[in-house]
Each structure stands twice: as structure tokens, then as C-alpha cells.
Amino acid sequence: MIELVNVSKTYPNGVTAIENVNLKINDGEIFGIIGLSGAGKSTLVRCINALEKPSTGQVLIDNEDLGKLNDKDLNHMRMRIGMIFQNYALLEQRTVFNNVRFPLELNRTNKIEADKKVKALLELVGLSDKASAYPSQLSGGQKQRVAIARALANTPKYLLCDEVTSALDPKTTDSILELLLDINKQLGITIIIISHDMHVIYSICQKVAILDNSHIVEQGSVEKVFKSPQSEIARRLLRFRKLEVSNNEY
């Protein structure tokens, strides 16, 4: 379980990115965090994976306070958390196979075990036939599938997805969301999806928290929030979604 207790983050320039955030994400959930640009979503993610240290409050993962871990234990904790980025962050000089293999090399995994793991992951994401290809030879959706496979290399318990579909067309977006749903079902990995797109959240998330101006203004089941939004930002995001659906009908 991931739990944030009164978490705030203020940067040295005085900007408060998130303030008094309280959040609980249960094991096995697909949890959405949504908000407009600048709402604090990326900072919240970086606090969860300990790339940022909160100014105040606690980030607890499996009841361990990240703020109290030494560097060695913190590195071990980070191995439990896979991360997927909007821009894929692939190594251009490495093949698909070796991109997925890279985290296993860093952890000095036995070569035979590493190769076996990479083959299984490429099969999972549907890219067995692209093992020898380079990132420049792939479509955006294929690059994101490589990034997903790489994020799974160390067998994480949690998977953080930061705007992973924002650079993709609608059809490819849906295929990536279907893949994430399959991963959740097959592997039991808890998935946290950060997005500005209500369609992404509605498609696969069970619960959602809405960020606005550094605060969580609403959270609950996706069904409840979409059916009866309580905050102005939720209603605004839903209006955007309805407009997009209407426009796509023509």
C-alpha cells in the first residue's frame, strides 16, 4: 500500500507544488491522479518514488517511511517502483532487447536469467519481433511498450505512469491502456496513472484523485466522481471530455 500523509513540497524558489496531500492507494488497484498542467501531478509522483523529498509530511510504502530510510534501503525501495515516462526515455544506441535488459545489467542479474526475463517481457508487451530494432525504427506506441517492459524488468510491485499516453493518438492510447490493464490483472501490480485526460482515467482506473492548485480537491471511485463531480475542476475536466467525444463523432 502507498500512503501519503499531509505531504507538502515547496521548492527553494518559494513555489509550493503540492500542499497537505493525503492519499491512500491499495495493493492491486489502478489509481488515477488527474489535473491540469501545473496542478502538481509530477511533483506528487516524484515524492512517491523518492526522487523528491517532501518539505513536510510522510510518504509510506508498505508501512515504511521513505524519509527515514538510509540510501541503501531507499535504493532497494525504488526497485519496487517501476516508472514510465511520457517521452519514453529510451537509450537510442541500444536495441529494444538491450533497452529492456539495462536495469538487469545495473543490478548485475545473471546473464542467462536476464535474457530469459527480457524475452518474456517482450512477449508480454507484444514486441518479440522487434528485439533487434532500435528506438528510431519504432512508432510511438511501440516505444512506450518498450518503456513498459523495461519498467517491469526488476519485477516491481508498483508502476508509476506519468502522462504515458499524451504523445499518442487515440487508437494507440487505447492499446497502451489495454496493455496496462492486462499487466495489472496478470501480474497483480498496483498501477498509478497520472494524466490530464479524463478518458485515460475512465478507461481503466478504479479510483481517482483530482489535483487543483497543489491540493487534492476530490477523490473516490471513478464511477462516483464521473457521475456526480463535487469540485469545479472535476466538472470542467468532464466538460472537456464530453466536448472531445462530441467532436470525434463527426
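Before reading on, note that the structure itself is shown above.
Thresholds, definitions, all that
All residue numbers refer to position in the chain's written sequence, counted from 1. Residues qualify for local features only when their pLDDT is at least 70, as the model is predicted, and side-chain atom pairs are given and counted only at 80 or more; totals for whole chains, interfaces and linings, by contrast, use all residues. Hydrogens and waters are ignored; side-chain quantities use all the structure's heavy atoms. Secondary structure elements follow DSSP: runs of H or I of four or more residues count as helices, runs of E of two or more count as strands, with numbering from the N terminus. The globule rule used for comparison is 2.2 Å times the number of residues to the exponent 0.38, while the radius of gyration itself is calculated over C-alpha atoms. A contact between two residues is defined here by any heavy atoms of the two lying within 4.5 Å. All accessibility values rest on the Shrake-Rupley procedure with a 1.4 Å probe; residue burial counts only the protein chains present in the view. Counted as positive: Lys and Arg. Counted as negative: Asp and Glu, with His and the chain ends omitted from the count. Every charge is mapped onto a representative atom, which is NZ of Lys, CZ of Arg, CG of Asp or CD of Glu. Among buried residues, the Ala, Val, Leu, Ile, Met, Phe, Trp, Tyr and Cys ones that are joined through side-chain atoms within 4.5 Å form a nonpolar core. For every residue, the accessible area (1.4 Å probe, protein chains only) is compared with the maximum for its type, and the residue is labelled buried under 20%, exposed over 50%, or partly exposed between those bounds. Pairing between strands is defined by DSSP: at least two bridges between the two strands are required. Angles shown run from 0 to 180 degrees and are taken between the N-to-C directions of axes, each axis being a line fitted to C-alpha atoms and, for helices, limited to the stretch in contact. Definitions used for this entry: grid spacing 1 Å over protein atoms alone; cavity, a set of points where a 1.4 Å probe fits but cannot get out; pocket, an open set with protein on both sides within 12 Å along at least 5 of 7 lines; lining residue, one with an atom within 4 Å of a point. Grid points are joined across faces, edges and corners, and a volume is the space filled by probe spheres set on the points. Side-chain classes are defined by residue name, with Ala, Val, Leu, Ile, Met, Phe, Trp, Tyr, Cys and Pro counting as nonpolar, Asp, Glu, Lys and Arg as charged, and the others, Gly among them, as polar. The length a helix should cover is 1.5 Å for every residue beyond the first. Arc, as used here, means the arc of the directions from the helix axis to the C-beta atoms. Polar contacts, as counted here, are pairs of nitrogen or oxygen atoms within 3.5 Å of one another; within protein the pair requires one atom able to donate a hydrogen and one able to accept it, and residues that are adjacent in sequence qualify only if both atoms are side-chain atoms. Put simply, a salt bridge is a Lys or Arg side-chain nitrogen that is within 4 Å of an Asp or Glu carboxyl oxygen.

Caption draft 1: Representation of the overall build of the chain in the model. Counting secondary structure elements, the chain contains 9 helices and 10 strands. The C-alpha radius of gyration of the chain comes to 18 Å, within 12% of the 18 Å expected for a compact globule of 250 residues. A principal-axis box enclosing the C-alpha atoms of the chain has dimensions of 55 × 50 × 35 Å. Here the analysis covers contacts within the chain between residues at least 6 apart in sequence; of these, 67% occur between residues at least 24 apart. On the chain, roughly 12700 Å² of surface is accessible, and the fraction owed to carbon and sulfur atoms is 48%. Across the chain, the mean location of the 31 positive side-chain charges is 3 Å away from that of the 29 negative side-chain charges.

Caption draft 2: Representation of the nonpolar core within the structure. Of all hydrophobic cores here, the largest spans 51 residues; its most connected members are Ile84, Ile148, Leu159, Leu180 and Ile193. Sequence-distant contacts of Ile148, that is, excluding residues within four places in its chain, are made with Ile84, Val125, Ile176, Leu179, Leu180 and Ile183. Grouped together as the second largest cluster of nonpolar side chains are 30 residues, Leu23, Ala50, Leu69 and Leu74 included.

Caption draft 3: Looking closely at the sheet that holds strand E10 (residues 215-221). Taken in spatial order, the 6 strands line up as E6-E7-E8-E3-E9-E10 in an open sheet, and their pairing is mixed. Each having just a single partner strand, strand E6 (81-84) and E10 make up the two edges of the open sheet. The average undirected angle you get between the axes of adjacent strands in this sheet is 15°. Along the sheet face, helix H6 (residues 170-187) touches strand E3 (30-34), E6, strand E7 (158-162) and strand E8 (190-195) and points at about 155° away from the line of E8.

Caption draft 4: Broad picture of the layout of surface pockets. Estimated volume of the largest pocket: approximately 630 Å³. If you list the elements that add at least two residues to the lining of the largest pocket, you get helix H2 (71-78), E6, helix H3 (96-106) and helix H5 (140-151). A per-class count over the lining of the largest pocket returns 12 nonpolar, 5 polar and 2 charged.

Caption draft 5: Representation of helix H4 (residues 111-124) within the structure. If you check H4, its first and last C-alpha atoms are 20 Å apart, about what 14 residues at 1.5 Å a residue would give, namely 20 Å. Among all positions in H4, only Ala114, Asp115, Val118, Leu121 and Leu122 are buried. Buried residues of H4, seen end-on, are gathered within an arc of 130° and therefore sit on one face of the element. More than 90 degrees from the buried face of H4, the exposed residues found are Ile112, Glu113, Lys116, Lys119 and Glu123. Buried residues along H4 sit in contact with H3 and H5. In this structure Asn110 caps H4, since a side-chain oxygen of it lies 3.0 Å from the backbone nitrogen of Ile112. The first or second residue beyond H4 is Gly126, which carries a positive phi of 75°.

Caption draft 6: A look at the side chain of Asp65. Checked against the element boundaries, Asp65 lands in strand E5 (residues 64-65). Although Asp65 is buried, it makes no salt bridge; Lys68 carries the closest opposite charge, 4.4 Å away. Within the structure, the side chain of Asp65 is placed 3.0 Å from the side chain of Gln58, a separation counted as a polar contact. Discounting residues that sit within four places of it in the chain, Asp65 has contacts with Gln58, Val59 and Leu60.

Caption draft 7: Region of the structure containing the pairing of strand E2 (residues 16-25). In this structure, strand E1 (residues 2-10) lies alongside E2, joined through 6 bridges in antiparallel fashion. Pairing of Glu3 across the sheet is with Lys24, part of E2. In this antiparallel pair of consecutive strands, E1 and E2, the connection spans 5 residues, and Gly14 shows a positive phi of 95°.

Caption draft 8: View of the pattern of salt bridges. According to the stated counting rule, one finds 13 salt bridges in the structure shown. Between Lys157 and Asp27 there is a salt bridge; the shortest N-O distance is 3.3 Å. Here Lys157, found in the loop between H5 and E7, pairs with Asp27, found in the loop between E2 and E3; they are 130 residues apart in sequence, far enough to count as distant. For Lys157, a relative accessible area of 32% translates into the label partly exposed. For Glu52, the salt bridge goes to Arg46, with nearest N and O atoms at 3.4 Å. A relative accessible area of 16% means that Glu52 is categorised as buried. Residues participating in the shared-partner salt-bridge network are Asp27, Asp62, Glu64, Arg80 and Lys157.

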